[in-house]
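Read off the chains here:
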Amino acid sequence: MLLKLTWFGHSCFLLETASARVLIDPFLGGREVAADYILVSHGHGDHLGDTVAVARRTGATVVANFEITSWLAKQGIKKTHAQHIGGGFDHPWGRVKLTIAHHGSSLPDGSYGGNPCGFLLSAAGKKIYFAGDTGLFYDMKLIGEEGIDLAILPIGDNYTMGPADALRAVKLIGPGRVVPCHYDTFKVIRQDPHAWAAEVERTTGARATVMAPGETIDI
Ligand code: NI
Ligand code: MN
């Protein structure tokens, strides 16, 4: 079954299933991308990104925590689906479960954005874990017990896990494949993703794929 992943840089990904285009953390810098669903991990500008503009233009349903969907309603975005940490829901294209993430989540106007999250996505018989912005936590092992085909992990350091902790995350999760994100966008998160990927493949059973911005891979 069709399952494609495109990286638009930073933490912005498009997951295409046979029936839907699911945009994750749409930090697009104004670029126009079509979407049926938008998943927002937390309120920071580099994740909430162009959510309001894309939702307005495309009529996509926004999935996020209750605090963010309430804030979006105030911006006129009413087509939302609120979930919260630990809760899963079967959307028409696949299941979304919100996972913990250790980070912050204020919205651009300073409003409280609730707890940040990651996403455990089940679609087309595959499980994808998008960690969001987070430090390393041992419960990643529990998430790994679900059987992760693809893990998308931040490696930038400074605001999230750096390469060393992201490598430990791979060992806790035990995914079949891993894709790094949240690096190189700003000076303080500059990293060598290829060196990290080589270390992942040398010391874990996972295949590591460094995507180029705009690149699409089959899952
Ligand atoms: Ni953040
Ligand atoms: Mn971030």
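Residues numbered from 1 in each chain as written. Chains lettered and ligands numbered in written order. Predicted model: local features only at pLDDT ≥ 70, side-chain atom pairs only at ≥ 80, totals over all residues. Heavy atoms only, no water.

> Help me understand the coordination of the manganese ion (ligand 2), please; the structure alone is not making it clear to me.
Around a metal, the perfect tetrahedron of four donors has angles of 109.5 degrees, and the perfect octahedron of six donors has angles of 90 or 180 degrees. Every protein donor of the manganese ion (ligand 2) is accounted for by Asp-46 (OD), His-47 (NE2), Asp-133 (OD) and His-182 (NE2), and the metal-donor separations fall at 2.1 to 2.2 Å. Of note, the manganese ion (ligand 2) draws all its donor residues from one chain, in the sequence arrangement D-H-x85-D-x48-H. Separation of the manganese ion (ligand 2) from the nickel ion (ligand 1) amounts to 3.2 Å, with Asp-133 serving as a shared donor to the pair. Note that Asp-133 is positioned in the loop between strand S10 (126–130) and helix H4 (140–144) and His-182 in the loop between strand S12 (177–181) and helix H6 (193–203), a separation of 49 residues in sequence. For Asp-133, a relative accessible area of 2% puts it in the buried group. For His-182, a relative accessible area of 1% translates into the label buried. (Donors = N, O, S within 2.8 Å, 3.2 Å for Na, K, Ca; no water. Helix = DSSP H or I, 4+ residues; strand = E, 2+ residues; numbered from the N terminus. Buried < 20%, exposed > 50% of the residue type's maximum accessible area, 1.4 Å probe, protein only.)

> Explain the layout of surface pockets here, please?
Space left empty within the atom packing is revealed by a probe, the size of a water molecule, rolled over the atoms. Reported here for the largest pocket is a volume of approximately 160 Å³. For the largest pocket, the full set of lining residues is Ile-85, Gly-86, Lys-97, Leu-98, Thr-99, Ile-100, Asp-139, Leu-142, Ile-143 and Glu-146. Going through the elements one at a time, strand S8 (94–100) and H4 are the ones with two or more residues in the lining of the largest pocket. Grouping the constituent residues of the lining of the largest pocket by class yields 5 nonpolar, 2 polar and 3 charged. (1 Å grid on protein atoms, 1.4 Å probe; cavity = no way out; pocket = protein on both sides within 12 Å on 5 of 7 lines; lining within 4 Å. Points joined across faces, edges and corners; volume = space filled by probe spheres on them. Nonpolar A, V, L, I, M, F, W, Y, C, P; charged D, E, K, R; others polar.)

> Can you walk me through the environment of Asp-218 in this structure?
Its location among the elements puts Asp-218 in strand S14 (residues 216–218). Judged by relative accessible area, Asp-218 falls into the exposed class, the value being 52%. Counting along the chain gives 202 residues from Asp-218 to Glu-16, while the straight-line C-alpha distance between them is 9.5 Å. Once residues within four sequence positions are removed from consideration, Asp-218 is found in contact with Leu-3, Lys-4 and Arg-177. (Contact = heavy atoms within 4.5 Å.)

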